[in-house]
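# Examination of the molecular architecture
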Amino acid sequence: MKEKAFLFFTAFGFMMTLVFCTLSCSYAETGNVILWNKLGSDQEVLESEIGENGSMVGSNYAYESAQHGNGYIRKAVGQYLKFPASIVEQIKSRGTIELWITPKVPKPVPYRYGIFGFIGAPYGHYGVPSESHFGLKWGDTVTGRGFEASIMFNGVTIHTPVESEQFVAEVGGPFHVAMSWDINGIAGTEDTLRVYRDGEIVGSTTNLWDPQGEVEKDIILGYGPDSGGYDKFISDNLIIWDYAKTDFSDRFNEDPTFPFPDGTIAFAGSDSYPDDMDIYIMNGNGSDIRPFIVHQANDISPAFSPDGEKLVFVSDRSSQWAIYIINTDGTDFHKVPDSEFSFQGDIVNNAVNWSPDSQKLIYMATDNTGGLGIINLDGSGKTILTTEGVGDGLYNTVYGVSWGATSDELIVHMLASVWQQNIFKYSISNDTWTQMTLDNTPSHAMDAAVSISGQNIVFTRRADVSQLYDLYTMENLPGAQSANLTYLGLQEGAFYPEWINNDEQIIFSYNIKGTQQWQTGIINADGSNFKILTPLSPPQYAMYPTWTSKTVCHVKGDLNGDSIIDDSDFILLRASLGKCTGDSAYNLDADYDEDGCVSFSDYSTWYRRYYLKR
């Protein structure tokens, strides 16, 4: 959940006002979907994915492009959708209704089409019963103000205050709306009813209603009372829950029943890719994205240890790429001694990874002439493996590394030319290389990872030079037949896969051709249920995903270690300003540029990360 805090800051002779968010590490919301209807066709309306079926009133309507495929839009007055009143019986005390809206006008216009009823039937008219048990509307017919939610039983209506300023939408740009309620208080607060737009609260009230009230009305969608109020907005993907939901960061996932993994996903993210990359973490369903490692340099290629106790990544913060490790509780952050390396290009492909016993690391040890390194976590036992002569001497450039099924096997993505890339397995004890993906099956294979069981390999490939890369799996045998998991075609690509959740699913980076739009995706191991977890929400670019079954709560910038960034951290930051190593108030976690002193540049980093980005 998010709370607001207002603080005044005085330093270097001036004053600023801050408004920032309290970020919790995890969420404990639980409940069930009692209705899911896609609203994208007659069949979809009449046959809900979950729960009671809907019906159409009137015949002058259509289905047009919306957030998730198509959505319903009425083309004349008196047209709307309805769902049975029996649903209302299940959610009188608490619940949530959410859906997507695609506007065809930027806002309601008073006296012409002054109010849009996303949920409910404001003011009735044209044979529609006046009001509804649950209402969510945009506009108020006269003043042109914003959103309002309402609950009505036994003739008594409570509602949130109408937004004082009108919301102006982008025509054709979908936005998400929701109302949630709990007679006993939402998520431990005094709020009983809230309105959300795109995941943010835009209205709330503490008023109460009668949860024992008689149920008399159906649930109505897509209505407007004005004569010109039709053909103005498209509704799609209606979901109703039996609890008061407060986190809508999963709103971009169409299917609310998707079996998202538990645990934590880390990734490298930025709003200015390929620069300013930081390490972020999020819940397994893509919710609660928050910064974990923040620095002015680039931090990329994160990987959780198999035991879930540590996170390794590579960074250029010391003017050269090197390996860094941090415990997942935020302690013992350090650079691995003697782990510097260089590489070709702007981005490292799977530059570092763990041994199965979480005791050693494999990494790109030298430069673009090839070479692999194996090193202990404390920097001892460093071994450099040459890649000269691999594949009859054709392959000499390492582009990605991971450990195999045992501590004796390495899986390496090797490059002969831009059009000839393959996956090799290296036996440490025998000092032998085996080509896993043969030149004709296919010759553009890269970014390989062995399954947790050791039985299979996932990798990316492209069928020809006109396409981007798809995900493939194969048995962990040389030249084994590969199976295509994704069919992304000419404009999309999949990279950097990792097996998760007992080999039931795979996470990966997803890219749109010709853009720098990098997102994190998830797919079942059989190729079903492809989902995007980070749909261009801050940070805008999300790459190199890695997963652990453990819940990770450390938040970089959390200076007092309570897993929350709030005013107490701000006080510690302010107390550290101007302090250097040796001073009692010096705080290493506030020294972002690691120059030994907490300066205004460190404060600027904290402010930019934890206010401007949230």
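Below is a summary of the structure that appears in this document.

Reading the values: rules and limits
Numbering of residues starts from 1 in every chain and runs along the sequence as written. Thresholds applied to this predicted model are a pLDDT of at least 70 for local features of residues and 80 or more for the giving and counting of side-chain atom pairs; totals over whole chains, interfaces and linings are not thresholded and use all residues. Water and hydrogen atoms were dropped before computing side-chain values, which therefore reflect all heavy atoms in the structure. Only a pair of cysteine sulfur atoms within 2.5 Å qualifies as a disulfide here. Numbering of helices and strands runs from the N terminus; a helix is a DSSP stretch of H or I covering at least four residues, while a strand is a stretch of E covering at least two. To sort residues, take the accessible area from a 1.4 Å probe on protein chains only and compare it with the maximum for the residue type: under 20% means buried, over 50% means exposed, and anything in between is partly exposed. Salt bridge criterion: a side-chain nitrogen from Lys or Arg within 4 Å of a carboxyl oxygen from Asp or Glu. If DSSP finds at least two bridges between two strands, the strands pair. Pairing of N or O atoms within 3.5 Å defines a polar contact, subject to two protein rules: one partner must be a possible hydrogen donor and the other a possible acceptor, and residues neighboring in sequence count only if both atoms are side-chain atoms. Centres within 6.5 Å are what make two rings of Phe, Tyr or Trp a pair, Trp counting through its six-membered ring; a difference in plane orientation under 30 degrees is then read as stacked, over 60 as edge-to-face, and the rest as tilted. In this scheme, Lys NZ or Arg CZ marks a charge over a ring once it lies within 6 Å of the ring centre and within 35 degrees of the ring normal.

Here the focus is the state of the cysteines. Summed over all chains, the structure comprises one disulfide. Bridging cysteine 580 to cysteine 597, the disulfide has an S-S length of 1.9 Å. On the sign convention where negative is left-handed, the bridge of cysteine 580 and cysteine 597, at about 105 degrees about the S-S bond, is right-handed. Residue cysteine 580 is found in the loop between α3 (567-576) and α4 (600-612), and its partner cysteine 597 is found in the loop between α3 and α4; the two are separated by 17 residues along the sequence. Take cysteine 580: its relative accessible area is 22%, and that puts it in the partly exposed class.

Attention now moves to the pattern of salt bridges. Pairing between side chains of opposite charge can happen when the charged atoms of each approach one another. Inspection of every chain in the model, using the stated rule, returns 17 salt bridges. A salt bridge links lysine 75 to aspartate 231, with the shortest nitrogen-to-oxygen separation between them at 2.7 Å. With lysine 75 in the loop between β6 (70-74) and β7 (80-83) and aspartate 231 in the loop between β16 (219-223) and β17 (233-241), the pair connects residues that are 156 residues apart, well separated along the chain. In this structure aspartate 231 comes out as partly exposed when scored by relative accessible area, which is 25%. Across the salt bridge formed by lysine 245 and aspartate 250, the nearest N and O atoms sit 3.0 Å from each other. Through salt bridges with shared partners, one network takes in Glu64, Lys75, Lys104 and Asp231.

Here we take up the pairing of strand β22 (residues 310-315). The element β22 is largely enclosed, with a buried count of five among its six residues. The pairing of strand β21 (residues 299-304) with β22 spans four bridges and is antiparallel. Within the sheet, the bridge partner assigned to phenylalanine 304 lies in β22 and is leucine 311. The turn linking β21 back onto β22 is made up of five residues, and glycine 308 within it adopts a positive phi angle of 75 degrees. Between the antiparallel neighbours β22 and strand β23 (residues 322-327) lie six residues, among them serine 319 with a positive phi of about 75 degrees.

The next point concerns the sheet that holds β22. Read across the sheet, four strands follow the order β21-β22-β23-β24 without closing on themselves; strand pairing throughout is antiparallel. Of all the strands in the sheet, the pair left with one neighbour each is β21 and β24 (334-335). With six bridges joining them, β22 and β23 adopt antiparallel strand pairing. Note on β23: the bridge partner recorded for serine 315 is alanine 322.

The next subject is the side chain of arginine 290. Within the secondary structure layout, arginine 290 lies in strand β20 (residues 290-293). Among the polar contacts listed, one links the side chain of arginine 290 to the backbone oxygen of valine 552, at a separation of 2.9 Å.

Turning our attention to the packing of aromatic side chains. Considering all chains together, one arrives at 37 aromatic pairs under this definition. Relative to tryptophan 518, the ring of tyrosine 496 has its centre 6.0 Å away and its plane inclined at 25 degrees; by these criteria the two rings are stacked. One end of the pair, tyrosine 496, is in strand β37 (residues 492-500); the other, tryptophan 518, is in strand β39 (residues 518-524), with 22 residues separating them in the sequence. Between tyrosine 510 and phenylalanine 530 the ring centres are 5.6 Å apart and the planes differ by 55 degrees, which places this aromatic pair in the tilted class. Here tyrosine 510, found in strand β38 (residues 505-512), pairs with phenylalanine 530, found in the loop between β39 and β40 (531-532); they are 20 residues apart in sequence, far enough to count as distant. Every member of this aromatic cluster is reached through a ring pair, and the members are Tyr113, Phe116, Phe118, Trp138, Phe147, Phe167, Phe175 and Phe233. Here the guanidinium or amino end of arginine 197 rests over the ring plane of phenylalanine 167, the centre of that ring lying 4.0 Å away. Directly above the aromatic system of tyrosine 324 lies the positively charged group of arginine 317, at a separation of 5.2 Å from the ring centroid.

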